[in-house]
Every structure is written in structure tokens, then in C-alpha cells.
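Listed below, chain by chain, are the residues.
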Amino acid sequence: MEEVDVEPSPTLIPGAGFHQRHLGFEWGPGDLLVYETNYKLQGSKSAGSPFVHIVRKDEDICSPILRKLFNESHLIFVGLQKIKEDVPSKNKKPQFVSISKNYRSVIRACMEELQQNAVLTQDGSLASQYGDQVSILLAIELIWNLCEVLFIDAAPAGSLLLHLLDWVRLHKSDVDTRAREVLQSDSPTRHQSYWDVVISLVLQGRMDEARQVLSKQASLRAESSSVFRRMDVLLQTMPIFNPTGTQTLTEFDVKWRNWHEECDRSLQDNTFASNRHLETICKILVGDEDALLEQKELLSTWYHFLVSRLLFTHPTIKPPDLHYYAQSSMNMFLGPRASPEPLDIILLSAFEFDLHQVIKDCSIALNNWWFVAHLTDLLDHCKLLQSHNLHFGSNLREFLVLEYASGLFTHHSLWQLAVDYFDHCPEFGRVYLELQIERVPLDTERKAIKVLRICEDRQMSEQVRSICKIMAKRALRNNRLGSALSWSIRAKDAAFATLISERFLQDYSNKGSFTDLDLLDNLGPAMLLSDRLTFLGKYREFHRLYGEKRFSEAAKLLLSLMTAKIAPRSLWMTLLTDALPLLEQKEVIFSVDQTYELMSCLEELNSGTKEPNQTDQDEDIESTKTELLRLSLARNLAMAIVKEGTIET
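An unreviewed UniProt entry lists the protein under the name Nuclear pore complex protein Nup85, with Culter alburnus given as the organism. Here is the UniProt Subcellular location (unreviewed entry) comment for the protein, exactly as written: "Nucleus, Nuclear pore complex". Taken verbatim from the UniProt record of the protein, the Subunit (unreviewed entry) comment is "Component of the nuclear pore complex (NPC)."

Chemist: Before we go on, may I ask you to explain the overall build of the protein in this structure?
Modeler: Helix and strand counts for the protein stand at 30 helices and three strands. Per-residue burial over the protein gives 45% buried out of 649 residues. Pairs at least 24 apart in sequence give 62% of the contacts found in the protein among residues at least 6 apart. Here the protein has roughly 34600 Å² of accessible surface; of this, 51% comes from carbon and sulfur atoms.

Chemist: Before we go on, may I ask you to explain helix α10 (residues 276–285) in this structure?
Modeler: Note that an α-helix has 3.6 residues per turn; residues three or four places apart therefore point the same way. Counting buried residues in α10 gives seven out of ten residues, a clear majority hidden from the surface. If you check which residues of α10 are buried, you get H277, L278, T280, I281, C282, I284 and L285. Here α10 starts with a cap whose side-chain oxygen sits 3.0 Å from the backbone nitrogen of H277, and that cap is N275. One or two residues past the end of α10 sits G287, with phi positive at roughly 80°.

Chemist: What is the right way to read a nonpolar patch on the surface from this model?
Modeler: Together, L33, Y35 and V52 give the surface a local cluster of nonpolar side chains, amounting to about 250 Å² of exposed area. Its location among the elements puts Y35 in strand β2 (residues 31–40). Classification of Y35 by relative accessible area gives partly exposed; the value is 32%.

Chemist: Help me understand the packing of helix α24 (residues 494–511) against helix α26 (residues 531–547), please; the structure alone is not making it clear to me.
Modeler: In helix packing, the relevant descriptors are the interaxial angle and the interaxial distance, both defined with respect to the helix axes. It is at 8 Å that the axes of α24 and α26 come closest, and there the two elements cross at 35°. As α24 packs across α26, the resulting crossing turns out to be left-handed. Together, A497, T498, S501, E502, F504, L505 and Y508 of α24 and R532, L533, F535, L536, Y539 and H543 of α26 make up the contact between the two elements. Within the contact of α24 with α26, the residues separate by chemical class into eight nonpolar, three polar and two charged.

Chemist: Would you take a moment to explain the nonpolar core for this structure?
Modeler: Soluble globular proteins tend to pack their nonpolar side chains together in the buried interior. W167, L285, W302, F351, W370 and F371 are the most contacted members of the largest nonpolar core, which totals 189 residues. At 13 residues, helix α3 (residues 124–152) tops the list of elements feeding residues into this core. With residues up to four places along the chain from it excluded, the contact list for W167 reads L142, N145, L146, Y303, V307, L347 and F351.

Chemist: Looking at this structure, I do not really get the pattern of salt bridges. What am I missing?
Modeler: Opposite charge on two side chains permits pairing when their charged atoms draw close. All told, the structure shown has 25 salt bridges when counted by the stated rule. Here E148 ties to R104 by a salt bridge, and the two come within 2.9 Å at their closest N and O atoms. Placement of the pair is E148 in helix α3 and R104 in helix α2 (residues 93–120), with a sequence separation of 44 residues. In this structure, E148 and R104 share a single accessibility class: buried. We note a salt bridge from R544 to E548, for which the minimum N-O separation is 3.6 Å. Note on E548: relative accessible area 41%, which makes it partly exposed.

Chemist: Help me understand the packing of α2 against α3, please; the structure alone is not making it clear to me.
Modeler: α3 packs onto α2 with a crossing angle of 165° between their chain directions and a minimal axis gap of 9 Å. By the angle class used here, α2 and α3 are roughly antiparallel. You can see that α2 and α3 cross each other, and the crossing is left-handed. Classifying every residue of the contact of α2 with α3 by side-chain character gives 16 nonpolar, five polar and six charged.

Chemist: Before we go on, may I ask you to explain the packing of aromatic side chains in this structure?
Modeler: Aromatic rings in a pair are described by how distant their centres are and how their planes are angled relative to each other. Taken as a whole and judged by the stated rule, the model has 21 aromatic pairs. Seen in terms of ring centroids, W256 and W259 are 6.4 Å apart; in terms of plane orientation they differ by 45°. Their pairing is tilted. Within this pair, W256 and its partner W259 are both found in helix α9 (residues 249–268), separated by three residues, close to a single helical turn. Judged on exposure class, the residue W256 and its partner W259 are both buried. Taken together through their ring pairs, the aromatic side chains of F70, F77, Y404 and Y421 make up a single cluster.

Chemist: I'm lost on the environment of L520 in this one. Help?
Modeler: On the secondary structure map, L520 appears in helix α25 (residues 517–521). Under the relative-accessibility criterion, L520 is labelled buried at 2%. Through-space distance from the C-alpha of L520 to that of G537 is 5.9 Å; in sequence the pair is 17 residues apart.

Chemist: Looking at this structure, I do not really get helix α22 (residues 461–477). What am I missing?
Modeler: Its 17 residues place the ends of α22 24 Å apart at the C-alpha level, agreeing with the 24 Å of an ideal helix rising 1.5 Å per residue. Among the residues of α22, Q463, V464, I467, C468, M471, A472, A475 and L476 are the ones counted as buried. Looking at the packing, one finds that the buried side of α22 touches α20 (429–437), α21 (445–457), α23 (481–491) and α24. Downstream of α22 by a residue or two, N479 has a phi angle that is positive, lying close to 60°.

Chemist: Can you help me understand the environment of H374 in this one?
Modeler: Secondary-structure assignment places H374 in helix α17 (residues 370–381). A residue is classified by how much of its surface remains accessible, and H374, at 1% relative accessible area, is buried. Counting along the chain gives 27 residues from H374 to V401, while the straight-line C-alpha distance between them is 7.5 Å. One polar contact links the side chain of H374 to the main-chain carbonyl oxygen of W370, over a distance of 2.8 Å.

Chemist: Help me out: how do you make sense of the state of the cysteines in this one?
Modeler: In a disulfide, the sulfur atoms of two cysteines are held together by a covalent bond. Counted by the stated rule, this structure contains zero disulfides. The cysteine C362 is free of any disulfide, with C147 supplying the nearest cysteine sulfur at 7.1 Å.

Chemist: Looking at this structure, I do not really get the side chain of T280. What am I missing?
Modeler: One can find T280 in helix α10. The buried category is assigned to T280, whose relative accessible area is 18%. There is a polar contact of 2.9 Å between the side chain of T280 and the backbone oxygen of R276. Not counting residues within four places of it along the chain, the set of residues in contact with T280 comprises I199 and Q295.

Chemist: Explain the side chain of H381 to me, please; I cannot follow it from the model alone.
Modeler: Its location among the elements puts H381 in helix α17. Residue class for H381 comes out buried when judged on its relative accessible area of 10%. Only 2.9 Å separates the side chain of H381 from the backbone oxygen of D377, close enough to count as a polar contact.

What counts and what doesn't
Residues numbered from 1 in each chain as written. Predicted model: local features only at pLDDT ≥ 70, side-chain atom pairs only at ≥ 80, totals over all residues. Heavy atoms only, no water. UniProt positions renumbered as here; feature names shortened; annotations may be inferred. Helix = DSSP H or I, 4+ residues; strand = E, 2+ residues; numbered from the N terminus. Buried < 20%, exposed > 50% of the residue type's maximum accessible area, 1.4 Å probe, protein only. Contact = heavy atoms within 4.5 Å. Areas by Shrake-Rupley, 256 points an atom, 1.4 Å probe, with all protein chains shown as cover. Polar contact = N/O pair within 3.5 Å; in protein donor to acceptor, adjacent residues only side chain to side chain. Patch = residues over 30% accessible without salt bridge, like charges linked within 9 Å, V, L, I, M, F, W, Y side chains within 5 Å. Salt bridge = Lys/Arg side-chain N within 4 Å of Asp/Glu carboxyl O. Axes fitted to C-alpha atoms, helices over the stretch in contact; angles between N-to-C directions. Left-handed = near helix turned anticlockwise from the far one by under 90°. Nonpolar A, V, L, I, M, F, W, Y, C, P; charged D, E, K, R; others polar. Core = buried A, V, L, I, M, F, W, Y, C linked by side-chain atoms within 4.5 Å. Parallel < 35°, antiparallel > 145°, perpendicular 65-115°, else oblique. Phe/Tyr/Trp six-rings, centres within 6.5 Å; stacked < 30°, edge-to-face > 60°. Expected span 1.5 Å × (residues − 1). Disulfide = S-S within 2.5 Å.

Here it is as C-alpha cells:
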């Protein structure tokens, strides 16, 4: 086995493990049950705690808001799988970028809802929980957005920095809030955050907005208006690469270097010496690293520092050179004493273009598989993970999708989403689905039908039979014979169908009528599943024909049930008794041959062995029925002979 990269963090279970008692546990598909045993570490017995603790490995599944994330991302995932494989990956890049943005918009929507709920809730612990979830989603969206820029969109030199600036602006949105506060105040230039806003806008490359805020100061200071005008010119003339324009990267680089030299000259000439804030801005424009590091509070993160540093020192940076600047920027910003957080390490791995390390570190740091499963799936479609197969048979993408889907199966409603994830895991997906579908609790018949439909659509015959048998037995226990018979027919379980048919016939013998007539009248070819079910269906058909006064057809069917030996011997007397009303009709229904066959059946029944548990009273009733039948049969025979012997003229 491979060594783990980090030691697993201990999980504290309140109320468990006191007094040095042994803990017992039982693994479940999504939970771990932990309980105290009666044994202490020294081996002596003592009374343990009566509680069983449920330890969940993925609490996010239980969050109603995050369930929206799972539901909506499922639709995006399914849509991604439908993209044709035969189209070259380069031609599909706009689609992949669009799908990536869809994923991020779902994350953003969930974040906003969590933030709203955190503000509205009165429960402090719940507000704290919402806050933690927002922090995790912020980190997820930050990583995803960077992966989109570096791997999915794969922006080239020139465009790369523009995308990184957008990335920083999106995740450092407090600048806009402070800018609004300053501009909406009574005296913007005297606001304590005025210069912070100007410098923050410059650090994010938002020169037009910085000029707009600076103009408030310039209009008030006529004596230093030339200095402000000079700064305005420098900000206005800063070259920004236009990927859709006709300018080449080399032409842009020459233009940028000329502008950079102009900024450097202004600094060397002490043009802004009279205003320390403008001088600081000029130092930033020439890419002075010390001046940039002085703005740590405004930058707040090493990766913002990295992008601002590149903006003013190397705007045409190529993707392969990013890792050097990223590593040095992190070291410079954090200093020698501070150790990087897990998020910093993940972002650094991304800047180093080490995709597998990003996925690995995210799997360790994050509390569920949602992020790594969906990101890896998208990267796999972009053909960026082809070289990485796991030693136990499945590729990285399938392994992570299987883990995520297995977690969904532990939830009472999200399990339905997991089915589609398993469907798109060609190697082990079906095996996982077969194992997981059997664990879905069949609480209601409606849920059972959902599960059954899933199994039937995928030709999972073993699971279909298992579900139908479970539901049939449950219905039989509740004395719902119609439902039990319906499930046993779907299961194609002949033995169980025979048992239920017996119960139907027993019920008929006791009550004198059938239940669930709709089902029995519409059995169709299903009645051929077992002899007893065939008899039940045909016997019900006899009653229907009799009720419709189609006596001749009813008589023929009744006789065929007996002569073909389909009817159980125990019901022969019942069938013969059913023939009595037909024998007593004014019109002759049974022909001579049919009457002889009925007589033969009656004699065969009487010549057989008696029931061992039959009482004297039962024997008397049987004897009376026999005499009545003999009399009716003799009368019918006479009438039939006369009828058949008469020559009609």
C-alpha cells in the first residue's frame, strides 16, 4: 500500500471514550457507527454508555442549500458527457470554458444564499456553520477559476495576464465596496480610505477608475495640478494588450517598455516628490517590489501580489515561466517565518502546472468529493489527464466520480443523481451501481418503482428480481394480495406467484368472491408464469363469463379447467358446485359428451382418498353436494340426449 501524505486528523466524538473504555465500530456505506463496549483497557468489565454515535464523513450532503449545488451541477455534468468525442479537443475549448463558467456560477449562487442565511439566522452555531461553508466554497471557486485560466482556457502570453487580473478582481471585490463608500461620502478626498482606494485600483490594473478617483483630488489642488496631470497621463497611456487587435505581442512589448521607461524617468526626476501618495503609485508603476510589499494590507494575498508584480514587471509572461514568479512571490509575501496554508500550496501547484498535485491536495484538504470529481471530469474531457492511471485499475477521473457518487447514495433523495454518475464510469460504474442500488431503503411503493425502473432500464435482472421479491413479501405480510401478485409477476417468481394464487383461492373459498378484480381480469400472458396462476386467471374468467350470461363459453372453460388437470384436486368440488347453476338452466348448456366428462370427474373425486382432517359434518356436506350433482347431471344428460336426438325439421 502507498503511504499516506498526511496523518489523518482525529475526530472527537462527544461523550465517547471516557473512563478508558474500548470503542466498538461498524462501517456503513456513508456513516460509521461508534459505541462504547463493556471492556476497559485493563480488561475489566464495566457498564458502557448506552449511546450509539453516528460519524458522518460528508456532512455537506445534509445541507439543504448545498443540495442545490449537487442538483444543478449534476445537470451540467450530464450535459458535458454528451459532447461528441470525435470532435478535436481544440475545437471544443469554447464549450469547455462555458461549462467551467456554469459550474462556477452554481458555486457563486450557493455562496450568496449561504451568506444571506448566515445574516438572517438567529442561531449562532448555524451562522458559524454557514460561514465555514462559504469559506470552503470561496476557496473552491478560487481554485476552479485559476484552473480554468491555466488549463481549460490555456491562455497564451499576453492574454494570460489579462485573465489573471480578472481572476484577482473577482476574488478581491472589497475594493469596489470601499470605492463606493469613498465616492458617495460628502468629501471623497478627505475620506480615510481615499488613497487606499486609488492604490488598490492601480494594483488591479483598473487605471481608468483610478484616474476617475484621482480627478477628485486634482480639481481641489490647483497648485499641484501639473503633478496630478502627469500621473493621469502615465495611467492613461499604460499599454494594455488587446488579444483581438492587430498588434503583435512584440509590438506591445516595445510599447510597454517605452512607457515603463517614462515612468522610471518621472521617478528619477522626483516629479512626484511633493506628494508621497503619487510617488508610491509611481514606484508601483515601475514594478518596485519593496513598494509593492508595503501594500500588503491592500493586496492581502500573495497571489494578488504575484499578479500585480507581473502587471508592472512582466506583462507578457509565458505560462511555463509562471512557477518561478509564483514561488518567489509567495516567499517574498509570506516571509521566512510564516508557513503556507493548504490553499496556498494548492494554488502554487496550479501555477506550477502540476494538475495531479492540485487534485491530490484538494482531495486531502476539502471535506467532500464534489469539487475534485467535477473538476477532474472536466479536465479529463479536455484531454489533460490522459497519462495518469491508478495502480488499481481505474483512471483518476473514474475513481473520483465513483467516490462522489457513492457518497450521494447515502442520502435519501440525492441517490437518484448518483445513478447518472455511475452510468458514465465505463469500467466500474455498473458494478458500483449494482452494489449501491441494493442498499437503497424501499420505504414506499413509489420509491420502489423508481428503483425498479432504473434497474430495468439497465437490464439489471438480478436486482429487478430482488426488489420485486422484497416488495411482494412486504405486500403479502400486509395482506395486500393484488400488490403482492403484481410484484411477483414482475419478478417472474413462479414459486411465489403460486403461493399468492393459493392465497387468492383460499380467500375466495372463505368469502365467496375475488378481490383485486382489475388485476385478475388483465393478467394476459403473465398468467402462464405458473399453473396455479393460470388456473386463477382462467377461473376468474369463468366467473366473468358467467356474470355476462355467456353460459356456453363459461361451461366450456369450466370443463377444460377440470379435464386438463389445471385445477388443483382440492378445488374440484368447488368447480363442480359452480357447474350446478349451469346444469339447472332451462336451456341445455352442457352437451352429452360434456356431461359424461363432468360425471367422470365427480366419480374420480369420490373414489379418491378422504381428507384426513375432515369432520363428520364436512363429510355430510360433501355427500349432499355429491347427491345434488348426480341428480343434476342425470337430468341434464337426459335433456341433452333428447335435444341431440331430435331431428329438427
